[in-house]
Amino acid sequence: MKIFIIFICATLSSLAYGQTNSAVKSNGSAFFAQGMFSLESDELLETEKSLKENPNVKLVRLDVYSNRFFILTENIQALNQQELRSWFGPYGKSISCLQIGIHGLDEVASFPFINCNDN
């Protein structure tokens, strides 16, 4: 029974890994970005709408309880802090503790974030 459970877990893990990698390969580079934000509720709604309308954003999550954001991109070749801040429009300076990485390759930092480097 243990061997069967291990086999199932290994199979599911490999399928998830394969799907992540194929998405990165077939759609160009996919990146993730996460960090903290400091926005009022009306600014938050405006920013969320703008991010969802961005053709390079596949998924966006803005957590009002922890003031964290998480974004997945699609169909872009590079993402840096300056571009990410521009996606937040006039509230670009309200984001901090940024981490940008290649989805499926780089490790996503766990919360609470430590060793933040906001250059």
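Just so we're clear, the structure is a prediction, and the values are computed from it rather than from any experiment.

Each value, and the rule that gives it
Think of each chain on its own: its residues are numbered from 1, step by step along the sequence as written. Only residues with pLDDT of at least 70 get local features here, since the model is predicted, and only at 80 or more are side-chain atom pairs given and counted; chain-wide, interface and lining totals rely on the full set of residues. Side-chain numbers here rest on the full set of heavy atoms in the structure, without hydrogens or water. Helix and strand definitions here come from DSSP, where helices need a minimum of 4 consecutive H or I residues and strands a minimum of 2 consecutive E residues; each element is numbered from the N-terminal end. Type-normalised accessible area, obtained with a 1.4 Å probe on protein chains alone, sets the label of each residue: buried when under 20%, exposed when over 50%, and partly exposed for intermediate values. Computed by Shrake-Rupley with a 1.4 Å probe, the accessible areas treat only the displayed protein chains as cover when residues are assessed. A helix is expected to reach a length of 1.5 Å times the quantity of its residues less one. It is the directions from the helix axis to the C-beta atoms whose arc is reported. Here, residues are in contact when the closest pair of their heavy atoms is within 4.5 Å. Buried Ala, Val, Leu, Ile, Met, Phe, Trp, Tyr and Cys residues that are joined via side-chain atoms within 4.5 Å together make up what is termed a nonpolar core.

Side note on the overall build of the chain
Argument step 1. A tally of regular secondary structure across the chain gives three helices and four strands.
Argument step 2. Each helix (α) and strand (β) of the chain, taken in turn from the N terminus, gives the series α-β-α-β-β-α-β.
Argument step 3. A total of 119 residues make up the chain; the buried ones form 31% of that total.
Argument step 4. Of the accessible surface of the chain, which amounts to about 8000 Å², a share of 56% is contributed by carbon and sulfur atoms.

As for helix α2 (residues 41-53)
Argument step 1. Over its 13 residues, α2 extends 19 Å from the first C-alpha to the last, a length consistent with the 18 Å expected when each residue adds 1.5 Å.
Argument step 2. Of the residues making up α2, those classed as buried are Leu44, Thr47 and Leu51. Angularly, the buried residues of α2 cover 70 degrees about the axis, an arc narrow enough to put them on a single face. Away from its buried face, by an angle of more than 90 degrees, α2 presents the exposed residues Asp42, Leu45, Lys49, Lys52 and Glu53.
Argument step 3. Contact partners of the buried residues in α2: β1 (31-37), β2 (57-63), β3 (68-73) and α3 (81-87).

Focus: the nonpolar core
Argument step 1. Grouped together as the largest cluster of nonpolar side chains are 19 residues, with contacts concentrated most on Phe69, Ile71, Leu84 and Trp87.
Argument step 2. Those elements giving two or more residues to this core turn out to be β1, α2, β2, β3, α3 and β4 (95-102).
Argument step 3. Discounting residues that sit within four places of it in the chain, Trp87 has contacts with Ser50, Leu51, Asn54, Asn56, Val57, Ile71, Thr73, Ile76 and Leu79.

Looking at unusual backbone geometry
Argument step 1. Even without a glycine there, the phi angle at Asn67 is positive, about 60 degrees.
Argument step 2. Mapping Asn67 onto the fold places it in the loop between β2 and β3.
Argument step 3. We note that Asn75 has phi near 60 degrees; this positive angle belongs to a residue other than glycine.
Argument step 4. In this fold, Asn75 is placed in the loop between β3 and α3.

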